[in-house]
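# Per-entry structural report
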Amino acid sequence: MRPFAGTSTAAFTFRPEGERTAVTWSLEGRNSFPAKAMGLVMNMDKMIGDDFEKGLVQMKAIAEATPRS
């Protein structure tokens, strides 16, 4: 994929906050030397951040549509 392919592990952390749940979505993987060099000049959070936000919005919609037991 553009700008480069890679394999990473995604993790979700759920933390109760009163009546709500805070969700943190993280991505972790090994970087080759070229990827590390790109990380110095490119904002990787900005590159993937919109995708994370979109996914969290979708997760929230599903969670809120599911009846509580």
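Residues numbered from 1 in each chain as written. Predicted model: local features only at pLDDT ≥ 70, side-chain atom pairs only at ≥ 80, totals over all residues. Heavy atoms only, no water.

### Digging into the pairing of strand 1 (residues 8-17)
- Sheet analysis places strand 1 next to strand 2 (residues 20-29), joined by 10 bridges and oriented antiparallel. Counted as the bridge partner of Phe 12 is Trp 25 from strand 2.
- Between the end of strand 1 and the start of strand 2, which pair antiparallel, lie 2 residues, with Gly 18 showing a positive phi angle near 65°. (Pairing = 2+ DSSP bridges. Helix = DSSP H or I, 4+ residues; strand = E, 2+ residues; numbered from the N terminus.)

### Overview of helix 2 (residues 44-65)
- In this model, helix 2 (22 residues) spans 32 Å end to end at C-alpha, consistent with the 32 Å of a helix rising 1.5 Å per residue.
- A bend of about 30° at Asp 50 is the largest found in helix 2.
- Sitting at the amino-terminal end of helix 2 is Asn 43, which places a side-chain oxygen 3.0 Å from the backbone nitrogen of Lys 46. (Expected span 1.5 Å × (residues − 1). Bend = angle between axes of the 7 residues up to and from the residue. Polar contact = N/O pair within 3.5 Å; in protein donor to acceptor, adjacent residues only side chain to side chain.)

### Some words on a nonpolar patch on the surface
- Residues Leu 40, Val 41, Met 42 and Met 47 make up a contiguous nonpolar surface patch of about 430 Å² in total accessible area.
- The topology assignment puts Met 47 in helix 2.
- The exposure class of Met 47 is partly exposed, given its relative accessible area of 37%. (Patch = residues over 30% accessible without salt bridge, like charges linked within 9 Å, V, L, I, M, F, W, Y side chains within 5 Å. Areas by Shrake-Rupley, 256 points an atom, 1.4 Å probe, with all protein chains shown as cover. Salt bridge = Lys/Arg side-chain N within 4 Å of Asp/Glu carboxyl O. Buried < 20%, exposed > 50% of the residue type's maximum accessible area, 1.4 Å probe, protein only.)

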